[in-house]
Amino acid sequence: MNRARSKAGGYAIAMLVACSAPALAAEEEISFDPQRNTQTQQLVDELAQQGVPSEWLEQALMQANYRQEVLDAMAGAAERRLRWFEYRDIFLTEQRIGEGAAFMQEHADTLARAQSVYGVPPEVITAIIGVETYYGRHKGRHKVLDSLATLAFHHPARGEFFRGERAAFLTIAYQQEVAPSSLYGSYAGAMGYPQFIPTSYQAYAVDFDDDDKRDLWNNPVDAIGSVANYFAEHGWQRDGAIYHQAEGPDARPDGLTFNQTVRPTTTAAKPVEQGIVTADSLAPDTPVVPLVLEYADGQESYRLGEYNFYVITRYNHSHLYAMAVAELAEAIKQQAEAEHD
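Residues numbered from 1 in each chain as written. Predicted model: local features only at pLDDT ≥ 70, side-chain atom pairs only at ≥ 80, totals over all residues. Heavy atoms only, no water.

Q: I'm lost on the overall build of the chain in this one. Help?
A: Tallying secondary structure elements over the chain gives 16 helices and 6 strands in all. Projected onto its principal axes, the C-alpha coordinates of the chain cover approximately 65 × 45 × 35 Å. With 341 residues in all, the chain has 54% of them scored as buried. Within the chain, contacts between residues at least 6 apart in sequence are counted, and of these 71% link residues at least 24 apart. Total accessible area on the chain is roughly 15,600 Å²; 45% of this is exposed by carbon and sulfur atoms. Across the chain, the 27 positively charged side chains and the 47 negatively charged ones have centroids separated by 5 Å. (Helix = DSSP H or I, 4+ residues; strand = E, 2+ residues; numbered from the N terminus. Buried < 20%, exposed > 50% of the residue type's maximum accessible area, 1.4 Å probe, protein only. Contact = heavy atoms within 4.5 Å. Areas by Shrake-Rupley, 256 points an atom, 1.4 Å probe, with all protein chains shown as cover. Lys, Arg positive; Asp, Glu negative; His and termini not counted. Charge placed at Lys NZ, Arg CZ, Asp CG, Glu CD.)

What follows is the structure, given as C-alpha cells:
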C-alpha cells in the first residue's frame, strides 16, 4: 500500500542533495551490519527487548543491502506525476476488469463473508487487490528488507517513518517464521496481495481462514478479509455510496477546494451554491469531497465523493487512486453481472 504525496518537486531537490553526499558515493560502502552500523545496532537492542532474539536480528540485518533504485522510485510515484486520464488508463483495462470478475467468481464465498462481517462490497475489495497487485500476480520485485533498510537510513524526508516500518517488518517475519530476505514487495516496503506496509499488516491483517496465520503473501482468503477489515477500521459506511457524477460551470469555482484527501468537511449544500449539482438525491448536510478530473481532450468532469471515497484514500493518499478503485469496482461488478446473466 504505497502512500503517495504530492510533493514531487520537494522530493526531487532533497534527492539530489541526499544522493550527492559522500556516504552514498558507492553502494558497496553502505552497510547495515549491526557490528558496523550503530543505528542498526540500536534497532537490534530495541527489538530484542520486545522478544525478538538478537542473534536472529543480526543475521537478518547483515543480509540487507542499500538500493538506490528504491529512492529513485519514491521520487517518481505515478500519483504525483500523472493526470486523471493517464492514471485511469493504467487500471481500467479490459484485461484487469475481466480478471477482476474472474477473481470475484473464484472467491465468491469469501468475499460474501467479508461483506457480511465488515460491510465492504466484494467489487471494492477485488478492485483494491486488482489495483495493488493485479490480483496477486505482481506483488513486487524489491526485497522488502533492502527497501526498508535503505529508506530508514537514507530517505531525505521520511526516515523516521520507515525506521518504524523496518522494525514492524522484522517483527512480523520473526513471528511468522519467515526469512526476511526471502520476502518481496514494493519499493516502499508494501507486501502481499493487498500491499500492506508492515505497520498496517500488524494492525489490520486478519486470519480469515482460521489456520492460525495471517498470511498476506500467499493466501488470498486472508488478503480479502484484511482489506475489508482495513476499510471497516477506517470508518467504511455499510451500503454507503462512494461518489456521484456531477455537472458544473466551465471554470472551477473559487469557493471550493477540490481533490482533497483529508476528512471531508464540505457538505453537499456548498457545491450546489457554487453551481455543481448531481442527479442523485443528497441531504444538504452530507459530507462530500469535491472532485474535478481532467481528460485527454482538455475537458474536466466534476464529481462528489462521499465518506467512503475518503476511506479509500486512507489506503493510498491520492484522489486519483481512490477514483481508479471506484471505477474499477464498478466495471468489475458490471462484468460479473453480465457473465452471470
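Q: What am I meant to see in the packing of helix α9 (residues 122-133) against helix α16 (residues 319-340) here?
A: To characterise two packed helices, one gives the angle between the axes of the helices and the distance between these axes. One can describe the packing of α9 onto α16 by two numbers: an axis separation of 8 Å at closest approach and a directional angle of 120 degrees. Taken together, α9 and α16 sit at an angle that is classed as oblique. Once α9 is placed against α16, the crossing between them reads as right-handed. In contact with Glu123, Val124, Thr126, Ala127, Ile128, Val131 and Glu132 of α9, α16 contributes Tyr321, Val325, Leu328, Ala329, Ile332 and Lys333. A per-class count over the contact of α9 with α16 returns 9 nonpolar, 1 polar and 3 charged. (Axes fitted to C-alpha atoms, helices over the stretch in contact; angles between N-to-C directions. Parallel < 35°, antiparallel > 145°, perpendicular 65-115°, else oblique. Left-handed = near helix turned anticlockwise from the far one by under 90°. Nonpolar A, V, L, I, M, F, W, Y, C, P; charged D, E, K, R; others polar.)

Q: What should I look at first to understand unusual backbone geometry in this one?
A: Across the chain, the bulk of peptide bonds are trans and the bulk of non-glycine residues have phi less than zero. The backbone of Asp212 shows a phi angle near 70 degrees, a positive value even though the residue is not glycine. As for its position among the elements, Asp212 is in the loop between α12 (198-204) and α13 (220-233). With relative accessibility at 74%, the residue Asp212 sits in the exposed group. For Asn259, which is not glycine, the phi torsion reads 65 degrees and is therefore positive. Here Asn259 is to be found in the loop between β3 (243-246) and β4 (266-267).

Q: Looking at this structure, how should I read the sheet that holds β4?
A: Paired through their backbone hydrogen bonds, the strands of a sheet run either parallel or antiparallel. Taken in spatial order, the 4 strands line up as β3-β6-β5-β4 in an open sheet, and their pairing is antiparallel. Two strands in the sheet have a free side with no partner beyond their single neighbour: β3 and β4. Relative to strand β6 (residues 300-305), strand β5 (residues 287-294) runs antiparallel, the two sharing 6 bridges. The partner of Val289 across the bridge, within β6, is Gly305. (Pairing = 2+ DSSP bridges.)

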